[in-house]
Every structure is written in C-alpha cells, then in structure tokens.
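Structural overview for review
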Amino acid sequence: MKLQTGKKELVGTLIVPGDKSISHRSIMFGALANGETRIRHFLRADDCLSTIQAFRDLGVQIEETPDEIIVQGVGFDGLKQANKPLDVGNSGTTIRIMMGILASAPFATTLIGDASIQKRPMNRVMLPLQEMGAQISGNNGSEFAPIQIKPTKSLHGITYHMPVASAQVKSAIIFAALQAEGETVIYEKEKTRDHTEEMITAFGGHIDVDGLAIRVSGNQALMGQSITVPGDISSAAFFIVAGLIAKKSEIVLKNVGLNPTRTGIIDVVSAMGGDISVEENGLAGEITVRASQLKGTTISGELIPRLIDELPIIALLATQAEGETIIRDAEELKVKETNRIDAVATELTKMGADITPTADGLIIRGKTKLHGANVTSYGDHRIGMMLQIAALLVEDGEVDLQKAEAVSISYPQFFEDLEGLFI
Ligand code: S3P
C-alpha cells in the first residue's frame, strides 16, 4: 500500500477506539460473571473479535448491536467444551489469559493461532499454571502453540515470583487463582497494567494489591456489569507523535484512558520537551499535542512496562529529537507480535533514520530527515501504524508498506482517522 507522505500540518479532534486490553477483559469478565454485562465503546478489531469468538465457541451468548456488546454470563462453571480448537488469531492476550481461564475446566481445549502466535513464548504462563495443578502443554513437548489443556479436578493456590514483567501472565494466573482452592500470592517483577485487578473489584470480586504483591483467594463469584471502555492510549500514541513531529500541528484526543500503569508515553514526551497537555476527567481525559522542538532522553527500568506497546512509535519520535535517545531494559520487545527491536531498526533505517538495535533496546540519534522506501509491517499492527506516521515526514519519494492490513488487529479505521486530520 502507498502511504500518505509530505503532511506538514495535522489539525483536529479525534476519539480513538476503545482500549484493547480492557475490551478483551470485558468479554472475559462478562462471560465468567453471573448475569448480563453490557459493553460500550468496545474495540471491534481483529484481536478482540478473536476473544468474542473463543467465548462463543465455549457456549457463551454474545450479542453485537451498533452501540453495545451484550454478554450473557455463565459463571465460572458454565463454560461448555468447544467442538473445535479455539483460534486466537494474532492475539497474545487472548491465548495467554484463556490458558488461565480454562486451566481448571472439566473439559479439554486446544488453543491455536497464526504464525506469529506460534512463535511466542508460553512457558511464562504454562509453568505457573502447572504449579497450580493444571495439565497444560505446548506443541510436541515445546512451549509453543498449539496449546493443549486437559481436564483437571481442581487447582490450588501458589506463591509465585514472576520472572518477567507481563500483565498477560499476571492476568492468566489471577484468572486461574479465582477458581482455585486457597490463596494465590503473586509478586510482580515490575508493576504492569492493572486492568484485571481493577475489573475484579468492579465485577464484585476481591483482590488485595500492595505494591508489587497481589493476593487472590479462590472460589469467587462475579456479577455482570455495564462498562464503557475508555479510548486506548496505545492507539492515541500514534497521533500524539504525529502531532508533535508534523511541523504545524495541533491534535486533541478525547476520552483517552489514563490508567497510571499505561501513561509512560506522556512522561517521555514531557521529558523530551514536547508540548503535551492532559486534562483528566476521572479515569479518562483529553490529551492535546502541538508541533514541538524535541530533545533525546533515556527510557528504562520501571517506565518500560508503562509504555511497552508505545516503544516503536516513541523510537520514531526520537528520530525527530536533537541528540541521542537510549531505550534499554526492553528485551520483551523481541517477543511481541514480531521482534520489534529488529523491525523498528531495520525499517526506519531504510527510511534514513540513525538507529542501532541493542540486546535490550535501541539507540536512536536525531534529528534525521526521512526519505521514501519500501517497508514492511512484518504483520505487526504497531509497526505498520508507526511506519505510516513516519511516512508523513517524507517530502521526496514514496513509501510503500507491505502487510498494511495488519493495522486491523487493533485499529481497523486507523488510515481513515489519520486522513480526517489532514487539512
Ligand atoms: C497486554 C499486555 C502487554 C501488551 C499487550 C496487551 C494485556 O503484554 O504488550 O499488547 O492486555 O495484558 P505483556 O503483558 O506480555 O507485556
């Protein structure tokens, strides 16, 4: 696909689609609660549709109306055996959390997914679940999908020190713990997004969070709720960066979720000298960005999980900042939808950026002028969207993006929303 190039001015207001993490979880909690759950501003993108389909295959009634998704909860004991493997598509969140949800089911399940899913590490979820008593295994003795879950009589609580900072892993263990005998105590390596913890409380369950320690007791019951999903800051991130680097821009992003475990990009933009203002309104808020002179920064440590999905677009931002930006402690980027360290370095280098990949991040030297190139998303939605924002800066030449359709994994109307800001 030929990308839009040479846009110096982006002006307007945008409501970004619903948060992907919260949309997945709203279906999961809705299905496992008793009674009805109604979800507004649900993200209708491939990943979340995979979660809907998985629960439909497990016998849950889910109705889609233009305004709402309506889930008829069946309770933790009400899921039925699927008559085929559950296909999670490209969704790491679906496969990993479903492993925790189904670990104690009285029936067998097979989880399958696309080529990217089959390369993503699953031991991080399987090992703690096996410790809880689950019978769960990867393909031919490996840790990789397809994943087989065998029926188990019951799970028991464990104390678990997480070796990786991962909300997907944490959430899988929490969902298993809600159905286990006794208490489970999880110690996070770093604080990661806490939507699962927040939503347990919202659905009438109990969870105790004290810093990095999380305590969950088993045999809980949840109650259906009405939810409005806030806009996804990870989708807003592409427009935050676009507004900062296109020469004469001003973009207002409304109703963006501002959970503090997700707002690392705002801290980084401020540290780089970007003109960003945030008007909080409860859990969501309005973000305004304007074209800015930027300087390099260092991004590391506990900040990383707070912006893990934004690192590709932050790397692009750094190509337009004076001086060096160093991203470290981000080795998790290698096991995302694609190896995002390599993908960002390779594709932006093709366009003229000065980037060095490292074992746990990237070193980016700015400011560089970008030029036309043939690039690929590698089938990774966030790499595809980042490359379109990069292309806006190209004044000479064309940018041709392979596998552009990957954007529909989290943001099907991304290209249309961007075009709405052209003047
Ligand atoms: C997610 C957690 C993150 C993130 C992913 C969504 C979630 O993955 O990258 O896009 O919804 O829990 P990890 O928790 O594995 O880092």
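Residues numbered from 1 in each chain as written. Predicted model: local features only at pLDDT ≥ 70, side-chain atom pairs only at ≥ 80, totals over all residues. Heavy atoms only, no water.

1. Considering the sheet that holds strand β7 (residues 135–137)
Quick reminder of the rule: Paired strands, as defined in this entry, are two strands with at least two bridges between them according to DSSP. In this text, helices come from DSSP runs of H or I with a minimum length of four residues, and strands from runs of E with a minimum of two, each type numbered from the N-terminal end.
Strand order in the open sheet formed by four strands is β5-β6-β8-β7, and the pairing between neighbours is mixed. Strands with a single pairing partner mark the edges of an open sheet, and in this sheet they are β5 (86–87) and β7. Sheet analysis places strand β6 (residues 109–112) next to strand β8 (residues 147–150), joined by three bridges and oriented antiparallel. Bridge pairing in β8 places L111 opposite I147.

2. Description of the pairing of strand β22 (residues 399–402)
Within a regular strand, side chains alternate between the sheet's two faces. What counts, and what does not: Handedness rule for crossovers: strands pointing away from the viewer, path from the first strand over the helix to the second running clockwise, crossover right-handed.
Examined bridge by bridge, strand β21 (residues 373–376) and β22 share four bridges and lie parallel to one another. Considered in β22, the bridge of N374 is made with D400. Note that the unit made of β21, helix α11 (residues 381–391) and β22 has a crossover that is right-handed.

3. A look at the sheet that holds strand β4 (residues 68–74)
Rules: Here the axes come from fitting lines to C-alpha atoms, over the contacting stretch only for helices, and the angles between their N-to-C directions go from 0 to 180 degrees.
Spatial strand order, β3-β4-β2-β13: four strands in an open sheet with mixed pairing. Whereas interior strands pair on both sides, the edge strands pair on one side only; in this sheet they are β3 (61–64) and β13 (226–228). Geometrically, the sheet is characterised by an average inter-axis angle of 15° between neighbouring strands, direction not taken into account. The pairing of strand β2 (residues 34–40) with β4 spans seven bridges and is classified as antiparallel.

4. Observations regarding the UniProt feature "active site" (unreviewed entry) in the protein chain
Note the following rule: UniProt positions are given in the numbering used here, feature names are shortened, and annotations may be inferred rather than shown by experiment. In this analysis, two residues are considered to be in contact whenever any of their non-hydrogen atoms come within 4.5 Å of each other. Distance and chemistry together define a polar contact, namely a pair of N or O atoms within 3.5 Å, with one atom able to donate a hydrogen and the other to accept it when in protein, and with adjacent residues in sequence counting only for side-chain atoms on both sides.
UniProt marks D309 with the feature "active site" (unreviewed entry), using the numbering shown here. Setting aside its immediate chain neighbours within four residues, D309 contacts R193, S234, K336, R340 and R382. A distance of 3.4 Å separates a polar atom in the side chain of D309 from a polar atom in the side chain of R193.

5. Section: unusual backbone geometry
The linkage connecting A145 with the following residue, P146, adopts the cis geometry, with an omega of 0°. Along the chain, the position of P146 falls in the loop between β7 and β8. For D329, which is not glycine, the phi dihedral falls at a positive 65°. Within the element layout of this structure, D329 appears in the loop between β18 (323–327) and α10 (340–350).

6. Quick notes on the site of the ligand
Rules: Being near a molecule or strand, for a residue, comes down to having at least one heavy atom within 4 Å of it. Computed by Shrake-Rupley with a 1.4 Å probe, the accessible areas treat only the displayed protein chains as cover when residues are assessed. The way it works is a 1 Å grid over only the protein atoms, where trapped points that fit a 1.4 Å probe form a cavity and open points with protein on both sides within 12 Å along at least five of seven lines form a pocket, and then any residue with an atom within 4 Å of a point lines it. Think of it this way: if more than half of a molecule's atoms are within 2 Å of a pocket's grid points, that molecule is in the pocket or cavity. We call Asp, Glu, Lys and Arg charged. Ala, Val, Leu, Ile, Met, Phe, Trp, Tyr, Cys and Pro are nonpolar, and the rest, Gly among them, are polar. Marked domain ranges trace back to an automatic or database domain assignment.
The environment of the ligand is made up of K20, S21, R25, T93, S166, A167, Q168, R193, I308, D309 and K336. D309 has a polar side-chain atom sitting 2.7 Å from an oxygen atom of the ligand. Residue K336 places a side-chain N or O atom 2.7 Å away from an oxygen atom belonging to the ligand. For the ligand, whose accessible area on its own is 380 Å², the fraction buried by protein is 95%. Placement of the ligand is best described as lying within the largest pocket. Looking at the shell around the ligand, the elements that each hand over two or more residues are α1 (20–32) and α5 (167–177). Tallied by class, residues from the shell around the ligand come to two nonpolar, four polar and five charged. In this structure, the shell around the ligand is formed jointly by two domains, domain 1 (11–17 + 231–419) and domain 2 (20–228), each of which donates at least three residues.

7. Here's the deal with the domain arrangement of the protein chain
As a reminder, the rule being used: Reported buried area values correspond to the accessible surface (1.4 Å probe) lost by two parts on association, with both partners' losses combined. For this document, the term salt bridge refers to a Lys or Arg side-chain nitrogen within 4 Å of an Asp or Glu carboxyl oxygen.
Partitioning the protein chain into domains gives domain 1 (11–17 + 231–419) and domain 2 (20–228). Contacts between the two partners involve 25 residues from domain 1, matched on the other side by 21 residues from domain 2. Between domain 1 and domain 2 lies a buried interface of about 1900 Å² when both sides are counted; carbon and sulfur atoms form 48% of it. Connecting domain 1 to domain 2 are three salt bridges. When the shortest N-O distance is used, the salt bridge between R124 and E332 registers 2.9 Å. Counting across the domain 1 and domain 2 interface gives eleven residue pairs in polar contact (both at pLDDT 80 or more).

8. Quick notes on the packing of α5 against helix α6 (residues 195–202)
Heads up, the condition is: Should an angle fall under 35 degrees it is taken as roughly parallel, and over 145 as roughly antiparallel, whereas 65 to 115 is taken as roughly perpendicular and any remaining angle as oblique.
Where α5 contacts α6, the two axes come as close as 9 Å, and the packing angle between them is 30°. Here α5 is positioned roughly parallel relative to α6, judged by the angle of their axes. Within the contact between the two elements, α5 uses K170, S171, I174 and F175 and α6 uses T196, E197 and I200. Counted by class, the contact of α5 with α6 contains three nonpolar, two polar and two charged residues.

9. What to know about the pattern of salt bridges
Defined as follows: Here's how the labels work: a residue is buried when its accessible area is under 20% of the maximum for its type, exposed when over 50%, partly exposed in between, all with a 1.4 Å probe on protein chains only.
Following the criterion strictly, the structure yields 31 salt bridges and no others. Residue E188 pairs with K170 through a salt bridge whose shortest N-O separation is 3.2 Å. Taken together, the residues E188 in the loop between β10 (183–187) and α6 and K170 in helix α5 connect sequence positions 18 residues apart. For the pair shown, E188 and K170 are each scored as buried. Here K350 and E347 are joined by a salt bridge, their closest N and O atoms 2.9 Å apart. With K350 and E347 both in helix α10 and three residues apart, the pair spans about one turn of that helix. Relative accessible area serves as the criterion here: at 35%, K350 is assigned to the partly exposed category. Looking at E347, the relative accessible area reads 0%, which means it is buried. What emerges from the salt-bridge pattern is a single network uniting R120, R193, D309, E337, R340, D380 and R382.

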